[in-house]
Amino acid sequence: MTLPVIEEGAKKSGVLWLGLPSGVRLAWHAWHDGAIYVVTGGGEQSLLGLADLAAGHGEIEVVLRSKDNGAELIRFPAVAEVVDQAAAPGAVAALAKERLNARDAAGLTARWAEESTVVRLAPRT
C-alpha cells in the first residue's frame, strides 16, 4: 500500500480502529502532513495503552472504514509517537478542527497541552 492510498482513506473516514494492548478501540482522528493524529486522555477519548505504546515508538494496527457503508477501506501498521504539542502547532490545530462538540472549544488546545496526549501514527508503507 502507498501513502496516497492511506491518505485518501484517512480523509474519507471520520473514525478509525486501533489495535491497542487493551483491545480494539474506535477513535476520531485528523490527517496532517503524512500521518494520522489522535488525542487521548484529559476528558478526550480513552485509548488505554496508546500513550505508553507511543512513548516507546511502538507499532500499532490501524483500520480505516468507509463513512458510507462501514466497509474496510484499508488496514496498515503504523509507528506511534507522542507529539510535543508546542513543537507541532499545525498538527494540533488540524486535530482540534476535527473535534466536534468540544465543551471548551476556545480553550481546547490549552487543555490538551495540560491534560491530554497527542499521538502521531506514521504509516509503515
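Residues numbered from 1 in each chain as written. Predicted model: local features only at pLDDT ≥ 70, side-chain atom pairs only at ≥ 80, totals over all residues. Heavy atoms only, no water.

**Student:** Can you tell me about the packing of helix α3 (residues 89-98) against helix α4 (residues 108-115), naming the residues and giving the values?
**Tutor:** The interhelical angle for the contact between α3 and α4, taken along N-to-C directions, is 115°, at an axis separation of 10 Å. Considering the angle they form, α3 stands roughly perpendicular to α4. At the point where α3 passes α4, the crossing takes the right-handed sense. Here α3 contributes Val92, Leu95 and Ala96 to the contact with α4, which in turn contributes Leu108, Thr109 and Trp112. Residue composition of the contact of α3 with α4, grouped by class: five nonpolar, one polar and no charged. (Axes fitted to C-alpha atoms, helices over the stretch in contact; angles between N-to-C directions. Helix = DSSP H or I, 4+ residues; strand = E, 2+ residues; numbered from the N terminus. Parallel < 35°, antiparallel > 145°, perpendicular 65-115°, else oblique. Left-handed = near helix turned anticlockwise from the far one by under 90°. Contact = heavy atoms within 4.5 Å. Nonpolar A, V, L, I, M, F, W, Y, C, P; charged D, E, K, R; others polar.)

**Student:** I'd love a proper account of α4, names of residues and values included.
**Tutor:** The complete set of buried residues in α4 reads Leu108, Arg111 and Trp112. Summarising the axial view, the buried residues of α4 lie within an arc of 100°, below the 170-degree limit, and thus occupy one face. In α4, the exposed positions that point more than 90 degrees away from the buried face belong to Ala113 and Glu114. For α4, the secondary structure elements touched by its buried residues are β2 (23-28), β4 (35-40) and α3. (Buried < 20%, exposed > 50% of the residue type's maximum accessible area, 1.4 Å probe, protein only. Arc of directions from axis to C-beta.)

**Student:** Now, about the nonpolar core: what can you tell me, with residues and values included?
**Tutor:** In terms of nonpolar packing, the biggest core is built from 21 residues, with Leu18, Ile36, Leu50, Ile60, Val62, Phe76 and Leu121 touching the most fellow members. If one sorts the elements of this core by residue count, strand β6 (residues 72-82) sits on top with four residues. Once residues within four sequence positions are removed from consideration, Val62 is found in contact with Leu16, Trp17, Leu18, Ile36, Ile74, Arg75, Phe76, Ala78 and Leu121. Within the second largest apolar cluster, 14 residues are counted, among which are Ala91, Val92, Leu95 and Leu108. (Core = buried A, V, L, I, M, F, W, Y, C linked by side-chain atoms within 4.5 Å.)

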